[in-house]
Amino acid sequence: MQALYTLIKQTVTEKATALSGKFTYTFQVNRKATKIGIKKAIEEVYGVKVDKVRTINLPEKKRTLRRNIVEKRHKMKKALITLVGRKKLDIEKIAKVKE
């Protein structure tokens, strides 16, 4: 799986921001991506070494807004990436991706 199809976007929440202080970053990834594929994609796109990859499969979620209006959040997969050493991940800086 190509690197740009593996990574969808970075998750920016309070919890994810607190984890970035511990050199762990959160990404929403393709549901078919594997840990090895995610690790290769991060190393290729951002040019950093990855120490550990943890994944979470989130189920579909429904909530009722008004009487009969139901809003859905689709199934998704999140990945928690821990970097080697004490290096920060610069989100704006993306290494040249080989295609």
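Structure: see above.
Residues numbered from 1 in each chain as written. Predicted model: local features only at pLDDT ≥ 70, side-chain atom pairs only at ≥ 80, totals over all residues. Heavy atoms only, no water.

Below, the discussion takes up the nonpolar core. Ranked by internal contacts, the top residues of the largest apolar core, which has 18 residues, are Phe-27, Ile-38, Ile-42, Tyr-46 and Ile-81. Of all elements in the fold, only β2 (24-29), α3 (35-46), β3 (50-58) and β6 (76-83) reach the threshold of two or more residues within this core. With five residues, the top contributor of residues to this core is α3. In contact with Ile-38, not counting residues within four places along its chain, are Thr-6, Val-29, Ala-33, Val-53, Thr-55, Ala-79 and Ile-81. (Core = buried A, V, L, I, M, F, W, Y, C linked by side-chain atoms within 4.5 Å. Buried < 20%, exposed > 50% of the residue type's maximum accessible area, 1.4 Å probe, protein only. Helix = DSSP H or I, 4+ residues; strand = E, 2+ residues; numbered from the N terminus. Contact = heavy atoms within 4.5 Å.)

Turning our eyes to something else, we now look at the environment of Thr-64. Along the chain, Thr-64 falls in strand β4 (residues 61-66). Setting aside anything within four residues of it in sequence, one finds Thr-64 in contact with Ile-69 and Val-70.

It is worth spelling out the side chain of Thr-26 at this point. Here Thr-26 is to be found in strand β2. Note on Thr-26: relative accessible area 4%, which makes it buried. Not counting chain neighbours up to four residues away, the residues in contact with Thr-26 comprise Gln-10, Thr-11, Ala-16, Leu-19, Lys-78, Ala-79 and Leu-80.

With zero of six residues buried, β4 lies mostly on the surface of the structure. Where β4 meets strand β5 (residues 69-73), five bridges bridge the pair, whose relative direction is antiparallel. The residue bridging Lys-61 from the neighbouring strand is Arg-73, located in β5. In sequence, β4 turns back onto β5 through a hairpin of two residues. (Pairing = 2+ DSSP bridges.)

Put simply, the largest pocket is a space of about 150 Å³. Along its surface, the largest pocket is lined by Thr-11, Thr-13, Lys-15, Ala-16, Leu-19, Thr-26, Arg-54, Ile-56, Lys-78 and Leu-80. Only α2 (14-20), β3 and β6 provide two or more residues apiece to the lining of the largest pocket. Ranked by residues supplied to the lining of the largest pocket, first place goes to α2 with three residues. Each residue belonging to the lining of the largest pocket can be placed in one class, and the counts come to four nonpolar, three polar and three charged. (1 Å grid on protein atoms, 1.4 Å probe; cavity = no way out; pocket = protein on both sides within 12 Å on 5 of 7 lines; lining within 4 Å. Points joined across faces, edges and corners; volume = space filled by probe spheres on them. Nonpolar A, V, L, I, M, F, W, Y, C, P; charged D, E, K, R; others polar.)

This brings us to the pattern of salt bridges. Evaluated as defined, the whole model comprises one salt bridge. Between Glu-71 and Arg-63 there is a salt bridge whose closest N-O contact spans 2.9 Å. Glu-71 gets classed as partly exposed once you look at its relative accessible area, which sits at 36%. (Salt bridge = Lys/Arg side-chain N within 4 Å of Asp/Glu carboxyl O.)

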